[in-house]
Amino acid sequence: MEQRQSSVSEKETGRGLATWSTEEIERFQLASDVQYSKLVAVAHPLRETIYQIEWNRKSGFIDWLPISSRGKVDRLETVGNMVSEFVSADNRPVIAAINGDFFSYTGTPSGLQMVDQEIITSPLKTKALLAQLQSGGHVFRENVEMKAKLDTKDGEEPLMLDAINRPRDARRQDVAVLYNWRFGQSTRSLEGGTGVVIRTGSEGDFRDRLTAGNVLKGAVESIGPSSDLPIERGFLVLTAYGTKAEWIRRHLKAGMEVTLSIQYEGLQDASQVISANSTLGMMLLRDGKINESILDFSQSQNLDRHPRTIAASNGEKLVFLVIDGRQPGHSDGMSLAECASYLQSIGMRDAMNLDGGGSSTCYARRPGERQPELLNNPSDGFERGIGNAVLIVNNAPKGELHRFIVSPCGTALRIVAGSKIKLSAKGVDSNWHPAEVDPQRIQWEVRGDIGELDSSGVFTASRHASKGTIIVRGDHLTETVHVEVMDAISELSLQAERPIVEPGGETRLIFKA
């Protein structure tokens, strides 16, 4: 296990911490250029458990993309269920997933979300965002403003839009919000304004996809009151209030042709965008320097420790981190400044704080498995429904069996003398996709006085300390597991680190030595 130390100044943490000591607990490959690692970082008196997914930004077969449940922003859903929905609909292999942006109770993410160049939802301004570029790189941006306008042919001043697929902010009077089917079945908008239905396409050719930098043409279908208008495919719905409703009444009529254009400065080449757009959504690092605003320790939000989800980069690698919290003994959680200083210590140059707290979630697919599994410990004790998630997808071609993966131990097994463990051989191809393994063609061999392996795959360790190997052979492939049998237990940990038991109930506790 790897250990490293890094400096943390008192100003950066606000708590007088001296050093982080980081130990790698687990690491495995997700794809050819993608690694997952579980780390424990200690800076007395803090203990943090960190789940990290990283890959080289030049990896040609790896994509990340933000998704919402069923492709809409009208409901809350867990990361696990969003992964299942995506795989069922898209049939692309998801190798990892984390929670995304802050969100409203209706399930609408707080900031700009763009998927495959399509604008799913957008406020007028987004505090911080990460964009995947069509050229293959990625970029962090701050204070990004949407410039969206509706034009008519009469040459009059256009109507400037304030949001796309978002609930109207009732505190603002002069507002225009645009909707398409991504918002759900209806606008759920308030009374007192004007609604416009705009036809953009026809059956089978909807042309209602909203993208930046392109002009979308349509024709006014109807104009009427604003309250809760239905949204159908092939149509856009515009609701406006105050002076912007007056603009509609003056300039639009049924049958009139209109054009819609949407722009974001610096995002002309963006294909995917995930944002951080709330009070706590912000950049933690810019060009390797800590955001000065989070070093103001007179603000309680800068001292509070919580679970965190973070997107970061060192220029070459893109890294997603989930930090557990609110679980003393397992993980305390970090303040924003502690997050920033830790990220500095591991060489990150830019970093953005996504949603945290009970929303912080990390899924990853173990080698040889077909589905990702939940690997962190959400602070609620269960997965929370959220607005969107970030998926990492392996688009590399699938091939033949390339190597064995011995489950559950990989290439190294430490086991207490006299104890038992069931082993199985799984397979991956050269791009780390799962590959079929025929158990009838597998041969197992134990080398050294370390124990015995029966025909069902159960390995029973010897009664004394020893070292040796277990060899797996088949289909011209060989895999070696290095085994250490220990005669004393140095540490005992509970596998379910936060078991939940109802009053008067029972539960089975499994400990790992």
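Note that the structure is predicted; figures quoted are calculated from it, not measured.

**Student:** When you look at the overall build of the chain in this model, what are you seeing that I'm missing?
**Tutor:** Secondary structure assignment for the chain yields 4 helices and 38 strands. The C-alpha extent of the chain, read off along each of the three principal axes, is 90 × 55 × 50 Å. The buried share of the chain, taken over its 513 residues, is 52%. Sequence-distant contacts in the chain: of pairs separated by 6 or more residues, those separated by 24 or more amount to 69%. Carbon and sulfur atoms provide 45% of the accessible area of the chain, an area that totals close to 23,500 Å². One finds the centroid of the 58 positive side-chain charges in the chain at a distance of 1 Å from the centroid of its 67 negative side-chain charges.

**Student:** Explain empty space enclosed by the protein here, please?
**Tutor:** Using a probe with the size of a water molecule, rolled over the atoms, empty space left in the structure can be pinpointed. On inspection of all chains with the given rule, the structure shows 2 cavities of 30 Å³ or more. Space inside the largest cavity adds up to approximately 50 Å³. Within this model, the second largest cavity holds a volume of roughly 40 Å³.

**Student:** Explain the sheet that holds strand β31 (residues 434–435) here, please?
**Tutor:** In a beta sheet, neighbouring strands pair by backbone hydrogen bonds and run either parallel or antiparallel. With antiparallel pairing, the 3 strands of this open sheet are ordered in space as β27-β30-β31. Looking at the sheet topology across the chains shown, the edges are occupied by β27 (403–407) and β31. Looking at chain direction, strand β30 (residues 424–428) and β31 are connected through 2 bridges and run antiparallel. Directly across from G427, in β31, lies its bridge partner A435.

**Student:** I'm lost on the nonpolar core in this one. Help?
**Tutor:** Within soluble globular proteins, side chains that are nonpolar tend to cluster in buried spots. By size, the foremost hydrophobic cluster in this structure holds 35 residues, and its most contacted members are L150, L210, L238, L260, I262 and Y264. Considering every element that reaches this core, the biggest residue donor is strand β10 (residues 138–152), with 5 residues. In this structure, L210 is in contact with Q117, E118, I119, I164, L178, N180, L216, L236, L260 and I262, ignoring residues within four places of it in sequence. In terms of nonpolar packing, the next biggest core, distinct from the first, is built from 30 residues, I95, L318, M352 and I392 among them.

**Student:** Before we go on, may I ask you to explain the side chain of H251 in this structure?
**Tutor:** Inspection of the secondary structure puts H251 in helix α3 (residues 243–251). Judged by its relative accessible area of 13%, H251 falls in the buried class. Beyond its immediate stretch of four places on either side in the chain, H251 contacts T152, D154, E156 and M256.

**Student:** Looking at this structure, I do not really get the sheet that holds strand β25 (residues 373–374). What am I missing?
**Tutor:** Within the open sheet, the 5 strands sit side by side as β5-β26-β6-β24-β25. Their pairing is antiparallel. Looking along the sheet, the strands with just one partner apiece sit at the ends: β5 (62–67) and β25. Sitting on the sheet, helix α2 (residues 79–90) is in contact with β5, β6 (94–99), β24 (362–364) and β26 (389–394), with an inclination near 140° to β6.

**Student:** Would you take a moment to explain unusual backbone geometry for this structure?
**Tutor:** In most cases, non-glycine residues show a negative phi, while peptide bonds are predominantly trans. Here the amide bond leading from H44 into P45 is cis, since omega sits at 10°, within 30 degrees of zero. With an omega of 10°, the peptide bond running from S407 to P408 counts as cis. Relative to the assigned elements, P408 resides in the loop between β27 and β28 (412–416). Of note, the phi angle at H476 is positive, near 65°, even though the residue is not glycine. Relative to the assigned elements, H476 resides in the loop between β35 (466–474) and β36 (477–486).

**Student:** Please explain helix α4 (residues 336–345) as it appears in this structure.
**Tutor:** Side chains of residues three or four places apart in an α-helix project in the same direction, reflecting 3.6 residues per turn. With 8 of 10 residues buried, α4 is to be regarded as a mostly interior element. Those residues of α4 lying buried are L336, A337, E338, C339, A340, S341, Y342 and L343. Positioned one or two residues after α4, G347 has a phi angle of 90°, which is positive.

**Student:** Can you walk me through the pairing of strand β8 (residues 118–121) in this structure?
**Tutor:** Strand residues, when the strand is regular, have side chains that alternate between the two faces of the sheet. Note: strand β7 (residues 113–115) against β8, 3 bridges, orientation antiparallel. Residue pairing for β8: V115 is matched across the bridge by E118. Between β7 and β8, which pair antiparallel one after the other, the connecting turn spans 2 residues, and D116 there sits at a positive phi close to 50°.

**Student:** Honestly, the pattern of salt bridges in this entry has me stumped. Any pointers?
**Tutor:** Across all of its chains, the model carries 29 salt bridges by this definition. For E436, the salt bridge goes to R370, with nearest N and O atoms at 2.8 Å. With E436 in the loop between β31 and β32 (443–447) and R370 in the loop between β24 and β25, this residue pair connects regions lying 66 residues apart in the sequence. What makes R370 partly exposed here is its relative accessible area of 46%. R447 is paired through a salt bridge with E445; the nearest N and O atoms lie 3.0 Å apart. Judged by its relative accessible area of 41%, R447 falls in the partly exposed class. Several salt bridges converge on common partners, so that one network encompasses E26, R366 and E373.

Thresholds applied
- Residues numbered from 1 in each chain as written.
- Predicted model: local features only at pLDDT ≥ 70, side-chain atom pairs only at ≥ 80, totals over all residues.
- Heavy atoms only, no water.
- Helix = DSSP H or I, 4+ residues; strand = E, 2+ residues; numbered from the N terminus.
- Buried < 20%, exposed > 50% of the residue type's maximum accessible area, 1.4 Å probe, protein only.
- Contact = heavy atoms within 4.5 Å.
- Areas by Shrake-Rupley, 256 points an atom, 1.4 Å probe, with all protein chains shown as cover.
- Lys, Arg positive; Asp, Glu negative; His and termini not counted.
- Charge placed at Lys NZ, Arg CZ, Asp CG, Glu CD.
- 1 Å grid on protein atoms, 1.4 Å probe; cavity = no way out; pocket = protein on both sides within 12 Å on 5 of 7 lines; lining within 4 Å.
- Points joined across faces, edges and corners; volume = space filled by probe spheres on them.
- Pairing = 2+ DSSP bridges.
- Core = buried A, V, L, I, M, F, W, Y, C linked by side-chain atoms within 4.5 Å.
- Axes fitted to C-alpha atoms, helices over the stretch in contact; angles between N-to-C directions.
- Salt bridge = Lys/Arg side-chain N within 4 Å of Asp/Glu carboxyl O.

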